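Here is how the chains run, residue by residue.
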Amino acid sequence: MNTVTLSNNNQLNFPNNIREIYGLEAGDTFEFISYNNRIELIPLKPIKKMKGLFQGIDTNIIREDDRI
């Protein structure tokens, strides 16, 4: 489990492995969501940084006959 501590300046430092896994960089912005007595951080990435995110995903799906 990765833990962080809120500093006196109200800042959090993400552990290196978390930054590497999610590709977080200095200056990234996040949305805080309060949900069932917990806080979730959602990284807000520009759409250009999302290029290739779903590379290799299987897009073949079985559709009903009345669907295009």
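Scroll up a little and you will see the structure.
Residues numbered from 1 in each chain as written. Predicted model: local features only at pLDDT ≥ 70, side-chain atom pairs only at ≥ 80, totals over all residues. Heavy atoms only, no water.

Quick look at a nonpolar patch on the surface now. Taken together, the side chains of Ile47, Met50, Leu53, Phe54 and Ile57 present a nonpolar region at the surface, about 570 Å² in accessible area. Counting through the fold element by element, Ile57 comes out in the segment after strand S2 (38-44). (Patch = residues over 30% accessible without salt bridge, like charges linked within 9 Å, V, L, I, M, F, W, Y side chains within 5 Å. Areas by Shrake-Rupley, 256 points an atom, 1.4 Å probe, with all protein chains shown as cover. Salt bridge = Lys/Arg side-chain N within 4 Å of Asp/Glu carboxyl O. Helix = DSSP H or I, 4+ residues; strand = E, 2+ residues; numbered from the N terminus.)

So, about the packing of aromatic side chains. Applying the stated criterion across every chain, the model contains 1 aromatic pair. Plain terms: the ring middles of Phe14 and Phe30 are 5.4 Å apart, the flat faces sit at 20° to each other, and that makes the pair stacked. Residue Phe14 is found in the segment before helix H1 (16-22), and its partner Phe30 is found in strand S1 (residues 29-35); the two are separated by 16 residues along the sequence. Judged by relative accessible area, Phe14 falls into the partly exposed class, the value being 27%. Overall, the relative accessible area of 24% leaves Phe30 in the partly exposed class. (Phe/Tyr/Trp six-rings, centres within 6.5 Å; stacked < 30°, edge-to-face > 60°. Buried < 20%, exposed > 50% of the residue type's maximum accessible area, 1.4 Å probe, protein only.)

In the Ramachandran plot, Asn10 falls in the positive-phi region, its phi being about 60° despite a non-glycine side chain. Mapped onto the fold, Asn10 is located in the segment before H1. With a phi angle near 45°, Asn36 is a residue other than glycine that sits in the positive phi range. Tracing the backbone shows Asn36 in the loop between S1 and S2.

Glancing now at the pattern of salt bridges. With the rule as written, the count across this model stands at 2 salt bridges. Among the salt bridges present, the one from Lys45 reaches Asp28, with a minimum N-O distance of 3.4 Å. With Lys45 in the segment after S2 and Asp28 in the loop between H1 and S1, the pair connects residues that are 17 residues apart, well separated along the chain. On the basis of relative accessibility, which here comes to 26%, the residue Lys45 falls in the partly exposed class.

Across 7 bridges, S1 lies against S2 in antiparallel orientation. Bridging across to S2, Ile33 finds its partner in Glu40. Counted along the chain from S1 to the antiparallel partner S2, the turn is 2 residues long, and its residue Asn36 has a positive phi close to 45°. (Pairing = 2+ DSSP bridges.)

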